[in-house]
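Residues per chain, in single letters:
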Amino acid sequence: LGAEREQAEATQLYRLAAEQGVAGAQCRLGVMYAEGRGVAQDNAESVRWFRLAAEQGDAEAQAALGLAYAAGRGVAQDLVASYSWLTIAAARLTGATRSGALKFRGSLVGAMSKEQITSAQRIAQEHSEGAAGQT
């Protein structure tokens, strides 16, 4: 009972911070929904929180959103969106996490047309330019 209670309290604290717009808390809440920890497992709710955090520049959430689009988990499968979010995330990630995002992005290439890849790269570039203008 102790561990369940701790998980419920952690979920409540993450939710409070996430609702205040804290990107890191939004990302953690997305993970909790994806894994069903402290809440009922809900892929659509997971994606909702990942998107909120990703749009604020949280690289972990951006990568998670890219993976969700690749798998069609909680959102319609969209390889262009997946490639775009993984590109955006990789620009901010470091080390093994960055390598993993780039490797996964590379695995999408075989299933995408040249036009889709070009479109995904353009979307990622536009996002990066827009984010740079906001800082």
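Residues numbered from 1 in each chain as written. Predicted model: local features only at pLDDT ≥ 70, side-chain atom pairs only at ≥ 80, totals over all residues. Heavy atoms only, no water.

Before going further, it helps to examine the nonpolar core. Counting residues in each nonpolar core, the largest one holds 17 residues, and the members touching the most others are F50, A61, L65, Y69 and W85. When contributions to this core are tallied by element, the ones reaching two or more residues are helix 2 (23-35), helix 3 (43-55), helix 4 (59-71) and helix 5 (79-90). The element best represented in this core is helix 4, accounting for five residues. Residues contacting A61, with those up to four places away along its chain left out, are C27, F50, A53 and A54. Membership of the second largest hydrophobic core comes to 14 residues, among which are A59, A63, Y83 and A89. (Core = buried A, V, L, I, M, F, W, Y, C linked by side-chain atoms within 4.5 Å. Buried < 20%, exposed > 50% of the residue type's maximum accessible area, 1.4 Å probe, protein only. Helix = DSSP H or I, 4+ residues; strand = E, 2+ residues; numbered from the N terminus. Contact = heavy atoms within 4.5 Å.)

Bringing the packing of helix 3 against helix 4 into the picture now. Two elements in contact, helix 3 and helix 4, have axes whose closest approach is 8 Å; the angle formed by their N-to-C orientations is 135°. One finds that helix 3 runs oblique with respect to helix 4. Seen along the crossing, helix 3 lies across helix 4 with a hand that is left-handed. Side by side, helix 3 and helix 4 meet where V47, F50, R51, A53 and A54 of the first sit next to A61, Q62, A64, L65, A68 and Y69 of the second. Of the residues that constitute the contact of helix 3 with helix 4, the class distribution is nine nonpolar, one polar and one charged. (Axes fitted to C-alpha atoms, helices over the stretch in contact; angles between N-to-C directions. Parallel < 35°, antiparallel > 145°, perpendicular 65-115°, else oblique. Left-handed = near helix turned anticlockwise from the far one by under 90°. Nonpolar A, V, L, I, M, F, W, Y, C, P; charged D, E, K, R; others polar.)

Here we come to the environment of D78. Here D78 shows up in the loop between helix 4 and helix 5. Since its relative accessible area comes to 31%, D78 is described here as partly exposed.

The end-to-end C-alpha separation of helix 4 is 19 Å, in line with the 18 Å expected for 13 residues at 1.5 Å each. Helix 4 sits mainly inside the fold: ten of its 13 residues count as buried. At the N-terminal end of helix 4, a side-chain oxygen is found 3.1 Å from the backbone nitrogen of E60, two or three residues along, and the residue is D58. Where helix 4 ends, the next residue or the one after it, G72, has phi of about 65°, a positive value. (Expected span 1.5 Å × (residues − 1). Polar contact = N/O pair within 3.5 Å; in protein donor to acceptor, adjacent residues only side chain to side chain.)

All right, on to the layout of surface pockets then. Space left empty within the atom packing is revealed by a probe, the size of a water molecule, rolled over the atoms. Of the volumes computed, that of the largest pocket is approximately 190 Å³. Lining of the largest pocket is provided by 14 residues; of these, F50, E60, A63, A64 and L67 occupy positions nearest its centre. At the level of secondary structure, the elements contributing two or more residues to the lining of the largest pocket comprise helix 2, helix 3 and helix 4. When residues of the lining of the largest pocket are assigned to their parent elements, the largest contribution, five residues, is made by helix 4. For the lining of the largest pocket, the class distribution of residues is nine nonpolar, three polar and two charged. (1 Å grid on protein atoms, 1.4 Å probe; cavity = no way out; pocket = protein on both sides within 12 Å on 5 of 7 lines; lining within 4 Å. Points joined across faces, edges and corners; volume = space filled by probe spheres on them.)

Moving on, we come to the packing of helix 5 against helix 6 (residues 95-108). The axes of two packed helices give the description: the angle between them and the distance between them. Viewed as axis vectors pointing N to C, helix 5 and helix 6 meet at an angle of 155°, and their least axial separation amounts to 9 Å. Accordingly, the angle class assigned to the pair helix 5 and helix 6 is roughly antiparallel. Crossing geometry of helix 5 relative to helix 6 is assigned as left-handed. From helix 5, L79, S82, Y83, L86, T87 and A90 reach across to helix 6, where they touch R98, A101, L102, F104, R105 and L108. Looking at side-chain class alone, the contact of helix 5 with helix 6 contains eight nonpolar, two polar and two charged residues.

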